[in-house]
Amino acid sequence: MRKAPLTVGVVGGGFTGAAAAIACLARIDRPFRLVVVEPSASLGRGVAYGAHHPLHLLNVRTRDLSVRAGQPGDFLNWAFRQLDQGENHAGLHEGLAHTFLPRQLFGEYVRQRFFEAAEARPDVELTIVNAVATACIDDGGRFTLRFDRSEPLEADCVLLATAYGLSRSTTTGALAPFEALPSDRLASARSVALIGSGLTMVDVLLSARRDGFQGKAIVISRRGQLPRPHAAKGVVPHEIGLPRSKRVSGLTGSVAIACATAEAHGTPWQSVINGLRSSLQDIWRSLPVEEQSRFLRHVRPLWDAHRHRLPLEVHGRVEAEFAEGRAVLLRGSVTAVEQDGDGFRLTLRPRGSERVEALTVDLAFDCTGHRPDLNSPLIQSLVAQGAARADAHRLGLAVEPNGQILSKSGAPTRGLFALGPLCQGSLWEITAVPEIVRQCDEAALSLAKLEPSAEREMELSSYGR
Ligand SMILES: Cc1cc2nc3c(=O)[nH]c(=O)nc-3n(C[C@H](O)[C@H](O)[C@H](O)COP(=O)(O)OP(=O)(O)OC[C@H]3O[C@@H](n4cnc5c(N)ncnc54)[C@H](O)[C@@H]3O)c2cc1C
């Protein structure tokens, strides 16, 4: 009698699910069963790298992206091989390194790397379940995953990579950011309200312009912070020694001073923000919950605007929109959005005012950004059993840095992980590619040490591809 091989269930086949599968294939160095659950046909893409608009650009330079842990230039090398015409190799490679390529291309790279990794492991039995996981039952050391249109699956460990969930509808009553509209609807619109002023707003505004929208864009956000630009050239992270403060005000003050000092010495402020990145999870985890809440209430818009930046060329186009009066920025909060005939009626409270105003527009888009879906039946099933719990801010699930989920009692649940944006409330800096890839690698390393559960002993001969 031999033990059955480990079965790893990865739920969600967006970027994080694909990165998790690639990490497991790289790190678990014995035969195992890998099951990836994804209802859509587009593995590796998810919300960020799908087909919403072929021209949406990555907000990170090619040289800084990789889905393989420990191989930092992997996307650059892949993209280089796609474009290489056999001439001017060095120039093309160098040029590509600093370019912001289309997000769809990155999705294609991730998909290819996933299937290459699977092919390189003939000893791993890979199954893709094309279904929605509706529940995960913790049987004390093993899990049963249930699906909407497939037989249940037993797994030794489950990696949740469901991030922004399945629903693309919004709670505000405005249109979802990438809602497909007849192109004449945009072309004939005289006014569009964009609720939120971050990267999603930029995507929606520039897509609308490409689709023929010539009217006025009214961007509404509480703080009115627009994304800042990347530095003209790729910058080297500049590490600063932050004081060991447990107060957000102290930390933000130190960062502001460090940015100003760097600028005064000819180093772009972006280097300081990049230099902080590797310690942000530790800083976040060391803050008391009240200070984290203070950051979320008061500092987050300013932080996000500096941390999640735009390629210079895209930033220039957004600046021109405002400078030329084709877009205006209103500071305030939208308290209601209602359909009004063919258009939308927004109720708006300007910043610092008690009175509300009405705003009538032809179209209104919710650009407040994507949030992890904690209300899905899958996550709720784990919370109801006490195997998982929301983090203190209800931004995601409570986890260890490697993603291991903390149960209701606070103890880690063996074999159960949440990866990527689902961990934002616990780790904060975990929504972008490098941090997700690192976390997937750490989770896969933990799984590599995990034995399959003892009850699953079976004849070795009954296991095969
Ligand atoms: C628009 C956008 C642009 C970005 N651009 C960049 C960038 O340029 N650079 C960078 O570093 N980062 C970028 N990011 C951040 C980062 O890459 C994303 O946070 C990352 O893509 C998260 O992917 P994910 O797979 O965790 O989530 P998602 O993309 O939400 O994918 C989740 C997947 O899980 C599936 N799923 C959900 N629920 C279930 C269920 N119950 N059962 C089965 N399957 C389920 C869904 O179908 C989906 O495919 C961007 C993010 C966004 C939103």
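Keep in mind that this is a model prediction, so the values were computed, not measured.

Undergrad: Explain the overall build of the protein chain to me, please; I cannot follow it from the model alone.
TA: Looking only at helices and strands, the protein chain features 14 helices and 17 strands. Rg of the C-alpha trace for the protein chain: 23 Å, near the compact-globule value of 23 Å for 465 residues, within the 12% margin. The principal-axis extent of the C-alpha atoms belonging to the protein chain is close to 75 × 55 × 50 Å. Expressed as a percentage of the 465 residues in the protein chain, the buried residues total 50%. Taking all contacts inside the protein chain whose residues are at least 6 apart in sequence as the whole, residues at least 24 apart take part in 70%.

Undergrad: Honestly, the pattern of salt bridges in this entry has me stumped. Any pointers?
TA: Side-chain pairs of opposite charge can arise whenever the charged atoms involved come near each other. One pass over the structure, following the stated rule, counts 24 salt bridges. A salt bridge links Arg142 to Glu154, with the shortest nitrogen-to-oxygen separation between them at 2.0 Å. Taken together, the residues Arg142 in the loop between β5 (133-138) and β6 (143-147) and Glu154 in strand β7 (residues 153-155) connect sequence positions twelve residues apart. By relative accessible area, which is 19% here, Arg142 ends up buried. One salt bridge connects Arg190 with Asp362, and the closest N-O pair in it is separated by 3.5 Å. Taken as a pair, Arg190 in the loop between α5 (183-188) and β9 (191-195) and Asp362 in the loop between β13 (357-361) and β14 (363-366) lie far apart in primary sequence, 172 residues in all. Shared partners join several salt bridges into a network, and the residues in it are Arg68, Asp74, Arg113 and Glu116.

Undergrad: Whenever I open this one, the nonpolar core confuses me. Can you help?
TA: Generally speaking, a soluble globular protein has its nonpolar side chains buried in company with each other. Residues Val8, Phe15, Phe32, Leu34, Phe106, Leu159 and Leu447 are the most contacted members of the largest nonpolar core, which totals 48 residues. Of all elements in the fold, only β2 (6-11), α1 (15-27), β3 (32-37), α2 (74-83), α3 (89-97), α4 (103-119), β8 (157-160) and α14 (433-448) reach the threshold of two or more residues within this core. Among the elements that line this core, the one with the most residues is α1, at nine residues. Leu34 has contacts with Val8, Val10, Ala21, Leu25, Val124, Glu125, Leu126 and Thr127, leaving out every residue within four places of it along the chain. By size, the runner-up hydrophobic cluster in this structure holds 33 residues, among which are Phe213, Ala327, Ala364 and Phe365.

Undergrad: Explanation requested: the confidence of the model for the protein chain in the structure shown.
TA: The predicted coordinates ought not to be read in detail in places where the model reports low pLDDT. Averaged over every residue, the pLDDT of the protein chain is 91; the share at 70 or more is 95%. Confidence drops under a pLDDT of 50 for residues 457-465, and excluding neighbours within four residues, the segment shows 19 contacts in the predicted structure.

Undergrad: Would you explain the pairing of strand β16 (residues 412-418) in this entry?
TA: Along a regular strand, successive side chains alternate from one face of the sheet to the other. Burial runs high along β16: five of the seven residues are buried. Where β8 lies against β16, three bridges are found, and the strand directions are parallel. By the bridge assignment, Leu160 is partnered in β16 with Ala418. As paired strands, strand β15 (residues 404-406) and β16 are joined by two bridges and run antiparallel to one another. Bridging across to β16, Leu406 finds its partner in Pro412. Joining the antiparallel neighbours β15 and β16 is a turn of five residues, in which Gly410 adopts a positive phi near 100 degrees.

Undergrad: Would you mind going over the site of the ligand with me for this structure?
TA: Of all residues adjacent to the ligand, which total 32 residues, the nearest are Thr16, Glu38, Val47, Tyr49 and Thr431. Here an oxygen atom of the ligand and a backbone polar atom of Phe15 are 3.0 Å apart. Measuring from a nitrogen atom of the ligand, one finds a backbone N or O atom of Ala133 at 2.9 Å. The fraction of the free accessible surface of the ligand (1000 Å²) that becomes covered by protein chains is 93%. Here the residues of the shell around the ligand are counted per class, giving 20 nonpolar, ten polar and two charged.

Undergrad: What should I look at first to understand the sheet that holds strand β4 (residues 125-129) in this one?
TA: The pairing of strands in a sheet comes from backbone hydrogen bonds and takes either a parallel or an antiparallel form. With mixed pairing, six strands are arranged side by side in an open sheet as β4-β3-β2-β8-β16-β15. The two strands at the open ends of the sheet, each matched to only one other strand, are β4 and β15. Geometrically, the sheet is characterised by an average inter-axis angle of 30 degrees between neighbouring strands, direction not taken into account. As judged from the six bridges shared by β2 and β3, these two strands associate in the parallel manner. Residue pairing in the sheet places Gly9 in a bridge with Val35 of β3.

Undergrad: Sorry, what's going on with the domain arrangement of the protein chain here?
TA: Reports of interface size often rely on the accessible area that becomes lost once the parts have come together. Domain annotation of the protein chain identifies domain 1 (2-165 + 372-462), domain 2 (183-228 + 310-366) and domain 3 (248-307). Inter-centroid distance (C-alpha atoms) of domain 1 to domain 2 is 34 Å. Each partner contributes to the interface: domain 1 provides eight residues, whereas domain 2 provides seven residues. Buried surface at the junction of domain 1 and domain 2, summed over both partners, amounts to about 640 Å²; 58% is from carbon and sulfur atoms. Contact with domain 2 buries area across many residues of domain 1, yet His53, His56 and Asn59 alone supply 55% of it, more than any other trio. In this assembly, domain 1 and domain 2 are joined by one salt bridge. Between Arg103 and Asp203 there is a salt bridge; the shortest N-O distance is 2.9 Å. At the boundary of domain 1 and domain 2, one finds three residue pairs in polar contact (both at pLDDT 80 or more). Looking at the side of domain 1 that touches domain 2 residue by residue, the class counts come to four nonpolar, three polar and one charged.

Undergrad: I tried to follow the packing of aromatic side chains on my own but got confused; where do I start?
TA: We describe a pair of aromatic rings using the distance from one ring centre to the other and the angle between the two ring planes. Applying the stated criterion across every chain yields a total of twelve aromatic pairs. Judged by centre distance (6.1 Å) and plane angle (20 degrees), the rings of Phe75 and Trp78 are stacked. Residue Phe75 and its partner Trp78 are located together in helix α2, separated by three residues, close to a single helical turn. Accessibility assignment for this pair places Phe75 and Trp78 in one class, buried. Between Phe75 and Tyr109, the aromatic rings sit 5.0 Å apart at their centres with planes inclined by 50 degrees, giving tilted as the arrangement. Residue Phe75 is located in helix α2, and its partner Tyr109 is located in helix α4; the two are separated by 34 residues in the primary sequence. Like Phe75, the residue Tyr109 is buried in the burial classification.

Calculation criteria
- Residues numbered from 1 in each chain as written.
- Predicted model: local features only at pLDDT ≥ 70, side-chain atom pairs only at ≥ 80, totals over all residues.
- Heavy atoms only, no water.
- Helix = DSSP H or I, 4+ residues; strand = E, 2+ residues; numbered from the N terminus.
- Rg over C-alpha atoms; globule rule 2.2 N^0.38 Å.
- Buried < 20%, exposed > 50% of the residue type's maximum accessible area, 1.4 Å probe, protein only.
- Contact = heavy atoms within 4.5 Å.
- Salt bridge = Lys/Arg side-chain N within 4 Å of Asp/Glu carboxyl O.
- Core = buried A, V, L, I, M, F, W, Y, C linked by side-chain atoms within 4.5 Å.
- pLDDT = per-residue confidence, 0-100.
- Pairing = 2+ DSSP bridges.
- Near = heavy atom within 4 Å.
- Polar contact = N/O pair within 3.5 Å; in protein donor to acceptor, adjacent residues only side chain to side chain.
- Areas by Shrake-Rupley, 256 points an atom, 1.4 Å probe, with all protein chains shown as cover.
- Nonpolar A, V, L, I, M, F, W, Y, C, P; charged D, E, K, R; others polar.
- Axes fitted to C-alpha atoms, helices over the stretch in contact; angles between N-to-C directions.
- Domains from an automatic or database assignment.
- Buried area = accessible area lost by both parts, 1.4 Å probe.
- Phe/Tyr/Trp six-rings, centres within 6.5 Å; stacked < 30°, edge-to-face > 60°.

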